[in-house]
Structure formats: C-alpha cells, structure tokens
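Each chain, letter by letter, is given below.
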Amino acid sequence: MTNTVLEQVAPSRSGLFTIAALQKAVAFVALIALIAFFGVSAPNFLTGINLVGILQATAVSGVLGVASTFVIISGGIDLSVGTLMTFCAVMCGVVLTNWGMPMAVGVVAALAFGALAGAVSGLIIAKLKVPPFIATLGMMLLLKGLALVIAQDKPIYFNDTPNFSLISNDSLIGYVLPNFAIPNGVLILFLAAIAGSIVLNKTLLGRYIFALGSNEEAARLSGVNTDFWKVVTYALSGSVCGIAGLIIASRLNSAQPALGQGYELEAIAAVVIGGTSLSGGRGTMLGTIIGAFIMSVLTNGLRIMGVAQEWQIVVTGVIIIVAVYVDMLLRRQS
Amino acid sequence: MAEAGAVSAGTADLIEMRRIEKHFPGVHALRDARFDLRRGEVHALMGENGAGKSTLMKVLTGVNQPDSGEILIEGGPASLPNPRAAQALGIGIIHQELHLMSHLSAAQNIFIGREPRRLFGWFTDEARANAEAAALFRRMKVDIDPKTEVGHMTVARQQLVEIAKALSFNSKALIMDEPTSALNETEVEHLFAIIEDLKRQGVGIVYITHKMDEVKRIADRITVMRDGQTIETLPAAGTPISKIISLMVGRELADAARPEGRADGEEALRVEGLNRGPMVRDVSFTVRKGEILGFAGLMGAGRTEVARAIFGADRKESGDIYVHGRKRRIDSPADAVRHGVAYLSEDRKRFGLVTPMSVGDNMTMASWPRFALARVLMRDAALRRTSKEYVNLLKVKTPSVDQETRLLSGGNQQKVVIAKWLLRDCDILFFDEPTRGIDVGAKAEIYKLLQGLAEQGKAIVVISSELPEVLRLSHRIVVMCEGRITGELDGPTATQEAIMTLATQRAAAANRLEAQ
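Numbers given to residues run from 1 along each chain, matching the order in which its sequence is written. Chain letters and ligand numbers both follow the written order, the letters beginning at A and the numbers at 1. Since the coordinates come from a predicted model, pLDDT governs what is reported: local features require at least 70, and pairs of side-chain atoms require 80 or more to be given and counted, while whole-chain, interface and lining totals use all residues.

Draft legend 1. Molecular detail of the overall build of chain A. From N to C terminus, chain A includes 14 helices and 2 strands. Atoms counted for the radius of gyration: C-alpha only. Globule rule: 2.2 Å times residue count to the power 0.38. Radius of gyration (C-alpha) of chain A: 19 Å, near the 20 Å computed for a compact globule of 334 residues. With the C-alpha coordinates aligned to their principal axes, the bounding extent of chain A is approximately 55 × 55 × 40 Å. Buried residues in chain A amount to 53% of all 334 residues. In this description, any two residues whose backbone-derived C-beta atoms lie within 7 Å of each other are considered to be in contact. Pairs at least 24 apart in sequence give 78% of the contacts found in chain A among residues at least 6 apart. Only DSSP runs of H or I reaching four residues or more are called helices, and only runs of E reaching two or more are called strands; each is numbered from the N terminus. Burial is judged by counting the other C-beta atoms within 10 Å of a residue's own C-beta: 20 or more makes it buried, 12 or fewer makes it exposed, and any count in between marks it as partly exposed, with every C-beta position built from the backbone.

Right, dumping it as structure tokens:
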C-alpha cells in the first residue's frame, strides 16, 4: 500500500521509464515472494507485532539508503553515512543534554551538522579531486573519531528531554488509526523517501544529480557548475543522515558514539538491490526502500525460522550478489 | 584510373598488396587499393584524413581482414588473420600513440608476453632480456639502458624502445605512423639517422606522414591515397610538392556551392595571443556577426585545442579574449556560456549530450535554472513546451521530447546540441567537425542550419577536416598546422590546394619550401 503511494510520487524519469519500471517490479515481486515464503514457513512471521518490528528495523537503514541514493545516482559513493549518523546524534546530545537547549534546536543541529559534514566531503571530492571512495572513507573514520572524542567515549542520554524519545517511538498514525499504530520512525522513513523522490524527479537539484551521474563532463561543458552541485548533493545526503541520527538516538534514548560503522554497507546494499546503478545516472527512491525491506525481511524471517545468525549473514551476502546480477541481466536484455 | 601501381610491378620483393577491398557498415573504406614495399626503401604513404591509409595498414598488420584482394610477402601469398600472424611474417608497426607500459623497464616492454625464462620456466630471465635488449639498441646505435623505466624517458626515447621492440620480432618491414609528431628537431634528425641505418640493413619502411619536407628528405617513393583508392605511386626525387598536394585533394567539389561575398557585421569575438601547450601557439583571429569562419587543418593541428581553450574547457596559459569588443575572462565553460560563447564537440556522445536523458532535458540543460521555480521546482510543462518548439524549429526527428537522446541518429543528436545553445542565447558558436558521424543526407541539412544561423547574425566557427565542407560554408578560412595559424584565405576564392599547402606547412620548413 505504501508502495503505491510512492509509485505515484516517483513518476517516470522520462526515457528511463521502461527499464526502471521493470526493475522496480522485479525487486517488488522479490519482496512479495520473500514475505509469502516466510509467511508460509515461519508461523509467527505474519503477526502484527513482527511486521511492526520489521518496519522499525528498516527505519534507520532505509533513511541512510535514501541519503546514499542521492550520492550514488550522482556518480559518487558515500562510505561515511553510518558514522555521520552517529556524529549527528552525538551533536544533538551535546546541544540538548550538555547545553540544555530546547528540543527543536537539537533537531536542527542534527540536520545542520549532517549537512556541514556532507559539504566537507563534497568539497574534498569536487575541489581537491580526491576520489569519493577515499574521501568518504577518510570522513567515515574522522567522524567516528570525532563522535567518540566529543562524547568522551560514553553514551549521552536524553533524560532532560523526555519528549525526545517520542520522535521515533510515538505513533502519530496511531492517533488517527488506533489499530495501525506504526511508530514515527517508520513514518519518517516513508516521508523521507517521498521527499527524496520529489527532489530527484521534480527539482533542479535532482536534474543535476542525474546529469552528473550520467555524464559529468557533458554537464560541465554545458556550463553547469558541476563542483557546486556535487557539494550540494553530498550536503543533502549528510542532512538526511542527520534524520537517521535523530531516529536512532530517539529510539535508544541516547547517542551511542561507538555505533554507526557497518550501516553504510547496509545502506549501499539497499540502494543496489533496488536497482540503482553504482556507476551513476540511474536509480529510484522506491527501489531503495524496497531494497531496504528485502534486507530486513530476510534477516527477520531467517531468524524466526531459527536459522543461525552466522548463516543469516551468509544468505544476505548471496542475496546482494544475486540481486545485482539479475539487475544486470535485465539491463542487457533491454 | 591509370595503372599506376604498375610502375613498380615485379620489383617489390618484400610486400605487395593488390586489389584490396574493404567495406565497413555504410563505408567503402578501401576500393582497389594497392601498395608495395621493397627491401631497404622508405615508401611514404600520403593522403588526407580518411583517405584510407590507416585502414590499409590495418589490413597489412592483420588488424582488419580485407573483403577481397591479395597480399604477397616476399613473393608468396600470405594470409594475415590476426596481428600475431603479421608479426610472425616480419611486419612491425610503430603507432602514433605509443603502446608502452610506463612502469616497466625498456627490456621488460620489449619482451612483454614472451619473456626469456629460467628454472623450469617459473622465473623470468631478466639478465638475458636485458642483454638481448642491449644488443637491439646497439644495432640501432642508440644509448639506452635496458633497465630504465620507460615512464622516465622522453617520448623520443620511448619511440626508440618501440622500434627496438618491432625489430626484436625480426621485422623486415616497419610501418611508422606519423613518427615525428611528438619529436623536436634534434630528435627528428636522430630518428632519420636510425631510419637510414635500418634501410642499409635491408628493412623496408612504410612512412605515413602529412609533412612534405620529411617526405622530400627521406622517402624513396611516394604513394598517394584518396577516398580509399590508391591514386598513384611516384618516385620521391623529382616530384614537386604541388603535384603531391594536387593528387591528395583531387576530388571534385560536390555541388560547388560557395558562400557569397564576405560577412561585414560587427566583430563578435577577437582572440589575441592565445597559448596552451604545444598545440596552441600564439593564436589570434576574429570572427564577425553573421560570419562563418572555417578552421582548416589536418587532424592534430590544434584546432580543437584552440576552441576548448577559448571555451574555458582547458586552462589557458596566456591570451586575451574580447567578446563583442569587451575583454572577458573565461576560466570555465560556465564563464564562456555566460558571455554567449558555445562549443559543440565532435564527440557528441561524450561531451555534448547526456545520452540517457531525454531530448527535452538535453535541449534545456544549459538553461535548467530558467525552468525551475525559485531555482528549486522544475516546471516540466514549460520545459517540454519550449523543447517542442525547438524540435519543430530545427526539424528534429524524434517521436517525442521524452525520447532518450541515445536513440536518435547522429544528425538529430547534433540538432539537439544546437538547440541547447540557441536556448541559452549563445551567439558565438564553435562547431567542431559538425557533420562527423552524420550521413550524407543529414549533412546538407546541418549545412543549411549553420548558414541560417549565420544569416540571423550569429558568429560561427566551423572546425573541419573535410575540405569541401570548409569551402562550402566559410566566408573566411583560417588554416592551422602544428598549433599555429599558418595562413588565412578568402572563403569564396580559396582552393583545396591552397588550404592543403598551408595545412602541411611547418613553420621551420616554410622557407625551405619556398626556396625550392
């Protein structure tokens, strides 16, 4: 149901329509098949509580996937999304707990520090011409270290701001539809995806993101200030990581400075399973959301079936390779 | 065609190619091409860009297979199914762009893929490779340490390594493609000495060049190709340069349409003392409103580099640019576009279009901010409407403005790029090979389009290697050779011969030519 909403907002990117539609369908069919499989073979899979659990587990990696989608379509890569998320959460904790500012200021701080760190990555990539992989690998470690230093190796709790945990855990939908109390974290994920889809398909920035990823040199020779738009893209991605930081900090009611590393790979996996090309120029937000759900449904279903955690990881790895391979096969045929 | 090849029939003891035919999709690349080579001679192969020289040599080196024809090597029929077979038969080639691995030593490069081995073939025998490479260098009378990393050598010395590599296959025939294009005068002299030496050892050399003075100096015979045919083979001694040039350009002008009179509009663009690297040396010119200025020259003369430097795509070393009489600083394409200067690359797919995007998006790419509400929300309806206008105006054949541009033909892609700049109100347009990859019918349409733009008062620069194209379009013609402007001609009265003479005139050789 949520998918049809997104489908309407994510219109055909002109000529990309046919291929993209096919891929969206393939990923979507795979997701339905997975749910059906686990529904039949794992008795407790299709219960309300479990489904809400899956949704909640997807919130953080899904939002990071949204952030990564911008960067990957623009032809870049961002390995720092996980630790950037943590950095934003820690900065939010500093503002709210250490400085005692109002909650709105903390929320703005998380987004602003995300945008700032993203812009720094963008500047390193655009102006110093450091390859995105290296630049963001450096930023990943840099931000991880900074988060630990700022938080002094300890979690920052939000005990003085009781409303903070409502950001992720309360359910606005629940007030309207009491039987459908999906936590806000999930709501934020879908709102972020819809907004991201609008940015990609309906705004000037989105148009430049696709142009950068498809043929940066042609864009530059068309008089486009490619450096500027690259920085904007990474800054946007960074502020979306700030949103993820708010969700995770709110859910844990604390900023955990040691957390974060590893999330970037989950995010990238969600993006590529969703049919976005790692070489840039092609991709959708809807695909990324489906990709994120495929990952979390898989983890959840395997666990319920009693598959050992070690094997869950193995299966996830196989799924990523198969998904991208099928994607390539389809593209070759079209 | 006279039986020109007969001049040398029976005396070619090394290579003889007869009645070679080769078709590529849509192109008759070689028609009744012939060529022969004797031991110990330098045989120059000449012709305009696209005359078929490279294709013929690709046939001889086994890269391309001929549709029909005969190749005799040392009197016996030879089949050359692949480059390895040609190598085994003693045919070596030195490409214009060198193919060396810069992190390996000279000896490692020479014996790559067939290194001498030792200890049951598990290890390479570096000592033997070095000794054999040193022997090759001794034979060439050059002083190169086989252990030197190639990346640390000058281009001239790298070329010598390539020659040594070709000789290591016991090459009896050596093809050199524009070997002096990256060499300075001393290095050229050195190369010529080595060529003389190889001649004495009985090696036959095919020498591909555009440079008349070199041909006069080292060639024994000259073969001229044009439009895939071998036109004539002549002895180098006693053949005047003017005769070679007239054989090279002898093609009839298709429909002799020439621009009328000269354009006398205001000056639109003036370039003074532009420099960038070896390909742009002290270039100055002007172009007026309503004028088509032709930029003629051979491939690699520096015309594209001039346009890219003016457009800000590459950094300039020095030089001033005046747009509509006012000095402007252009450091990036964005600067150029702001001042109404546009550049349309010959490689549209790489530099002109974002091919997976739609016709509408590409047409408006340089003007997207204009189609964005508050620079944020794209007004796609307006974007489509405007694109449709330009599709109709330029008669772009596309099912809709939403079509991906990669699915359009070359001519229609070119129109999309033109629309991009018209939509951005650019009035000084550099067209680099505007009809490359465009079929004959669409060419005439592009010509009409360019002339129409000039009539509307745009200033147009056309860079073209096709002389008939330059002559058909240009009010004035500037000719370049090796990074410099070697002359300017009046469009309506210029001849192919006059352009070719300027295009092959090296600054250093100019005086010598006149003295002859």
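Draft legend 2. Structural view of the overall build of chain B. Looking only at helices and strands, chain B has 18 helices and 24 strands in total. Relative to a compact globule of 516 residues, whose C-alpha radius of gyration would be 24 Å, chain B shows 26 Å and is just as compact. Summarising its shape, the C-alpha atoms of chain B cover approximately 75 × 55 × 45 Å along the three principal directions. Residues counted as buried form 47% of the 516 residues belonging to chain B. Pairs at least 24 residues apart make up 68% of the contacts formed inside chain B by residues separated by at least 6 positions.

Draft legend 3. Molecular detail of the pairing of strand 3 (residues 42–46) of chain B. Residue and element names in this part refer to chain B. Among the 5 residues of strand 3, 5 are classified as buried, and the element is accordingly described as predominantly covered. We treat two strands as partners when DSSP finds at least two bridges between them. Pairing analysis gives 4 bridges linking strand 3 to strand 10 (residues 204–208), with the strands arranged parallel. The residue bridging A44 from the neighbouring strand is Y207, located in strand 10. Sheet topology note: the strand 3/strand 11 (residues 221–226) ladder contains 4 bridges and is parallel. Directly across from L45, in strand 11, lies its bridge partner T223.

Draft legend 4. A look at the packing of helix 4 (residues 81–98) of chain A against helix 6 (residues 132–151) of chain A. All names here are of chain A. For helices, the fitted line uses only the C-alpha atoms of the stretch in contact; every axis is such a line through C-alpha atoms, and the angle between N-to-C directions lies from 0 to 180 degrees. Where helix 4 meets helix 6, the axes come as close as 8 Å, and the angle between the chain directions of the two elements is 25°. The angle between the axes of helix 4 and helix 6 places the two elements in the roughly parallel class. Every pair of crossing elements has a handedness; the one defined by helix 4 and helix 6 is left-handed. Across the interface between the two elements, T83, L84, T86, F87, V90, G93 and V94 from helix 4 touch M140, L143, K144, L146, A147, I150 and A151 from helix 6. Amino acid classes used here: Ala, Val, Leu, Ile, Met, Phe, Trp, Tyr, Cys and Pro are nonpolar; Asp, Glu, Lys and Arg are charged; the rest, including Gly, are polar. Across the contact of helix 4 with helix 6, the residue classes tally to 10 nonpolar, 3 polar and 1 charged. Any angle from 65 to 115 degrees is called roughly perpendicular, while one under 35 is roughly parallel, one over 145 is roughly antiparallel, and all others are oblique. Definitions for this section: a left-handed crossing has its near helix turned counterclockwise from the far helix by less than a right angle. A right-handed crossing has that turn clockwise.

Draft legend 5. Summary view of the interface of chain A and chain B. Each partner contributes to the interface: chain A provides 21 residues, whereas chain B provides 28 residues. Considering every element that reaches the side of chain A that touches chain B, the biggest residue donor is helix 10 (residues 204–221) of chain A, with 11 residues. By residue class, the composition of the side of chain A that touches chain B is 7 nonpolar, 9 polar and 5 charged.

Draft legend 6. Region of the structure containing the pairing of strand 11 of chain B. Residues and elements named next belong to chain B. Judged by how many residues are buried, strand 11 sits mostly within the fold: 5 of 6 residues are covered. Relative to strand 12 (residues 229–235), strand 11 runs antiparallel, the two sharing 6 bridges. For T223, the partnering residue across the bridge sits in strand 12 and is T233. If you look at the hairpin formed by strand 11 and strand 12, you'll find 2 residues sitting between the two strands, and D227 has a positive phi there, around 50°.

Draft legend 7. Focus on the sheet that holds strand 2 (residues 27–37) of chain B. Strand order in the open sheet formed by 4 strands is 2-1-4-5 (chain B), and the pairing between neighbours is antiparallel. Looking at the sheet topology across the chains shown, the edges are occupied by strand 2 and strand 5 (76–77) of chain B.

Draft legend 8. Expanded view of the domain arrangement of chain B. Domain ranges listed in this record stem from an automatic or a database domain assignment. Taken domain by domain, chain B consists of domain 1 (4–90 + 171–249), domain 2 (103–169), domain 3 (267–340 + 427–515) and domain 4 (354–425). Each of domain 1 of chain B and domain 4 of chain B has a C-alpha centre, and these two points are 46 Å apart.

Draft legend 9. Quick peek at the sheet that holds strand 18 (residues 341–344) of chain B. Residue and element names in this part refer to chain B. With mixed pairing, 6 strands are arranged side by side in an open sheet as 18-21-22-15-23-24. Each of the sheet's edge strands pairs with one partner strand only, and the pair in question is strand 18 and strand 24 (484–490). Here the average twist between neighbouring strands, direction ignored, is 20°. Pairing of strand 21 (residues 428–432) with strand 22 (residues 459–463), which is carried by 5 bridges, proceeds in the parallel orientation. If you follow F430 over to strand 22, its bridge partner there is V461.

Draft legend 10. View of helix 13 (residues 285–304) of chain A. All names here are of chain A. Multiplying 1.5 Å by the residue count of a helix minus one yields the expected span of that helix. Given a rise of 1.5 Å per residue, 20 residues ought to cover 28 Å, and the 29 Å separating the end C-alpha atoms of helix 13 matches this to within 8%. A large share of helix 13 lies buried, amounting to 17 of its 20 residues. Of the residues one or two after helix 13, G306 is the one with positive phi, at around 85°.

Draft legend 11. Main features of the environment of D425 of chain B. Assignment of secondary structure puts D425 of chain B in the loop between helix 14 (410–423) and strand 21. Distance from D425 of chain B to S367 of chain B, taken between C-alpha atoms, is 9.4 Å for residues 58 residues apart in sequence.

Draft legend 12. Focus on the confidence of the model for chain B. Residue and element names in this part refer to chain B. Predictor confidence is given residue by residue as pLDDT, running from a minimum of 0 to a maximum of 100. Looking at chain B as a whole, its pLDDT mean stands at 89, while 94% of the residues score no less than 70. Throughout residues 1–10 the model reports pLDDT below 50, and contacts reaching past four residues in sequence, or to other chains, amount to 11 contacts. Predicted confidence is poor over residues 508–516, with pLDDT under 50, and the contacts of this stretch with residues over four places away or in other chains come to 8 contacts. Scored as a complex, the prediction yields pTM 0.81 and ipTM 0.86.

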